[in-house]
Amino acid sequence: MEYLDFELPIKELQEQYTKACLIGEESDVDVSNTCKQIEKKLKETKKEIYKNLTPWQRVQLSRHPDRPYTMDYINAICGDSFLELHGDRNFKDDKAMVGGLGKIGDQSFMFVGQQKGYNTKTRQFRNFGMANPEGYRKALRLMKSAEKFNVPVVCFVDTPGAFPGLEAEERGQGEAIARNILEMTRLKVPIIVVIIGEGASGGALGIGVGDKVLMLENTWYSVISPESCSSILWRSWEFKEQAAEALKLTATDMKKLKLIDEIVKEPLGGAHSDREKTFTTVAGAIEKYYADLKMLSPTDLVKNRMKKYLEMGEFKG
């Protein structure tokens, strides 16, 4: 288990608890009271820390190396029913964008999402979750297939941004993202978007248009990352905490601004602290919203989706 800077008090108490229990097991000394006291203190400390997280600390949690990624959610939710589909039928298969058909219960869904790697080798293979234009074109191809066969779409967003390399620009990165946004607004099947980690810039928006947009509690959604914002405004990364505060990028801020529909609660300590509970909660949220959306006709779906996005940013004087 890896700990972030602000989690160090938890780490110390956890180590004390483990040592105390070990002493009790290896000797005749009764340490049950000590263990109970440390356990109580551990719970209180966890509650206190996670109740008062700053925006920057939430950004750190969203990037936690143990945090589940898109394929973790898909495999846990769909099990053996998932069939991955590859390629954009134009250039190549982008490993940073994954997608395919899977079932939650008896209902089929088309899943699409960015995938990060778990170590140096897989991070390079997945391009750190930064999709190229062919990744967005693959996502759109899958969504269009879902529309053809009347299958609802679920998008898992977790990216530090679309890949900004020269070759990506040469192949039309901006056009691919813009095309996805346009086509997703008028897709005739339900779209549920879940932000499971980082939701940065156009890279997130390229698969982020939905009838319902959900955010996990310790995720962020913004036009730019705090570090990049800090480097532009202050010419240094040192002000990333101030940038995170100013950007209003947390799930609470997004809900207040009516840019998302629901905040999905995470287990105490973040999604990685109890993966099974997180997967169950997310699957439940998808099923709940799909039950409402499936009642709407394709015309009403598109009309409501267009209305939802047109109303964003409106201010009534």
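All figures in this text were calculated on a predicted structure; none of them were measured in a lab.

Caption draft 1: Structural context of the overall build of the protein. In terms of regular secondary structure, the protein is built from 14 helices and eight strands. Here the C-alpha atoms of the protein give a radius of gyration of 21 Å, agreeing with the 20 Å that 2.2 N^0.38 yields for 317 residues. Along the first, second and third principal axes, the C-alpha atoms of the protein reach 70 × 50 × 50 Å. Across the protein, every contact between residues at least 6 apart in sequence was considered, and the portion connecting residues at least 24 apart equals 72%. For the protein, the accessible area works out to roughly 16200 Å², and carbon and sulfur atoms hold 54% of it. Distance between charge centres in the protein, computed from 46 positive and 46 negative side chains, equals 5 Å.

Caption draft 2: Up close: the confidence of the model for the protein. Taken as a whole, the protein shows an average pLDDT of 92; of its residues, 100% reach a score of 70 or greater. Across the protein, the element-wise mean pLDDT spans from 83 in helix H1 (residues 8-26) up to 97 in helix H6 (residues 133-148).

Caption draft 3: Focus on the environment of Lys256. By the element assignment, Lys256 lies in helix H12 (residues 251-256). Lys256 sits in the exposed class, given a relative accessible area of 65%. Sequence separation between Lys256 and Tyr290 is 34 residues, and the spatial gap between their C-alpha atoms is 23 Å.

Caption draft 4: Structural detail: the pairing of strand S6 (residues 212-216). Of all five residues in S6, four are buried; the element is thus mostly enclosed. Pairing analysis gives four bridges linking strand S5 (residues 191-200) to S6, with the strands arranged parallel. Across the sheet, Val194 pairs through a bridge with Leu214, a residue of S6. Alignment of S6 against strand S8 (residues 262-264), held across three bridges, turns out to be parallel.

Caption draft 5: Spatial organisation of the packing of helix H4 (residues 70-78) against helix H13 (residues 275-293). Remark: H4 packs on H13, axes separated minimally by 10 Å, with the N-to-C direction vectors making an angle of 75 degrees. Considering their axes alone, H4 and H13 lie roughly perpendicular with respect to each other. Mapping the contact onto sequence places Asp72, Tyr73, Ala76 and Ile77 in H4 and Arg275, Thr278, Phe279, Val282 and Ala283 in H13. The residue makeup of the contact of H4 with H13, split by class, is six nonpolar, one polar and two charged.

Caption draft 6: Highlighting helix H14 (residues 298-310). Over its 13 residues, H14 extends 18 Å from the first C-alpha to the last, a length consistent with the 18 Å expected when each residue adds 1.5 Å. Buried within H14 we find Leu301, Val302, Arg305 and Lys308. For H14, the buried positions fall inside an angular range of 130 degrees around the axis, keeping them on one side. When the buried face of H14 is taken as reference, the exposed residues oriented beyond 90 degrees from it are Thr299, Lys303 and Leu310.

Caption draft 7: Local environment of the packing of aromatic side chains. In the structure shown here, the tally under the stated rule is seven aromatic pairs. Members of the aromatic cluster, connected to one another through ring pairs, are Tyr73, Phe109, Phe111, Phe156, Phe279 and Tyr290.

Caption draft 8: Region of the structure containing the pairing of strand S4 (residues 153-159). Along S4, seven of the seven residues are buried, which leaves the element largely enclosed by surrounding structure. In this structure, strand S3 (residues 107-114) lies alongside S4, joined through four bridges in parallel fashion. Bridged to Met110 within S4 is Val153. Two strands pair when backbone bridges link them, and S4 and S5 are joined in this way by six bridges, in the parallel orientation. Its bridge partner being in S5, Val154 is matched across the sheet by Ile192.

Caption draft 9: Seen up close, a nonpolar patch on the surface. On the surface, Ile232, Leu233 and Trp234 cluster together into a nonpolar patch covering about 320 Å² of accessible area. Within the secondary structure layout, Leu233 lies in helix H10 (residues 226-233).

Caption draft 10: Local environment of the packing of H10 against helix H11 (residues 240-247). At their nearest, the axes of H10 and H11 sit 8 Å apart, and the two run at 105 degrees to each other. Here H10 is positioned roughly perpendicular relative to H11, judged by the angle of their axes. The segment H10 lies against H11, with Pro226, Glu227, Cys229 and Ser230 engaging Lys240, Ala243, Ala244 and Leu247. Grouping the amino acids of the contact of H10 with H11 by side-chain chemistry returns five nonpolar, one polar and two charged.

Caption draft 11: Just the nonpolar core, in detail. Core analysis: the largest hydrophobic core is formed by 32 residues, its most contacted members being Val112, Tyr136, Met143, Val153, Cys155 and Ile207. Secondary-structure elements contributing two or more residues to this core are S3, H6, S4, helix H8 (173-185), S5, S6 and H12. With five residues, H6 is the single largest residue contributor to this core. Aside from chain neighbours lying at most four places away, what touches Tyr136 is Met97, Gln114, Ala131, Ala162, Gln173, Ala176, Ile177, Asn180, Gly202, Gly203, Gly206 and Ile207.

Rules used in this analysis
- Residues numbered from 1 in each chain as written.
- Predicted model: local features only at pLDDT ≥ 70, side-chain atom pairs only at ≥ 80, totals over all residues.
- Heavy atoms only, no water.
- Helix = DSSP H or I, 4+ residues; strand = E, 2+ residues; numbered from the N terminus.
- Rg over C-alpha atoms; globule rule 2.2 N^0.38 Å.
- Contact = heavy atoms within 4.5 Å.
- Areas by Shrake-Rupley, 256 points an atom, 1.4 Å probe, with all protein chains shown as cover.
- Lys, Arg positive; Asp, Glu negative; His and termini not counted.
- Charge placed at Lys NZ, Arg CZ, Asp CG, Glu CD.
- pLDDT = per-residue confidence, 0-100.
- Buried < 20%, exposed > 50% of the residue type's maximum accessible area, 1.4 Å probe, protein only.
- Pairing = 2+ DSSP bridges.
- Axes fitted to C-alpha atoms, helices over the stretch in contact; angles between N-to-C directions.
- Parallel < 35°, antiparallel > 145°, perpendicular 65-115°, else oblique.
- Nonpolar A, V, L, I, M, F, W, Y, C, P; charged D, E, K, R; others polar.
- Expected span 1.5 Å × (residues − 1).
- Arc of directions from axis to C-beta.
- Phe/Tyr/Trp six-rings, centres within 6.5 Å; stacked < 30°, edge-to-face > 60°.
- Patch = residues over 30% accessible without salt bridge, like charges linked within 9 Å, V, L, I, M, F, W, Y side chains within 5 Å.
- Salt bridge = Lys/Arg side-chain N within 4 Å of Asp/Glu carboxyl O.
- Core = buried A, V, L, I, M, F, W, Y, C linked by side-chain atoms within 4.5 Å.

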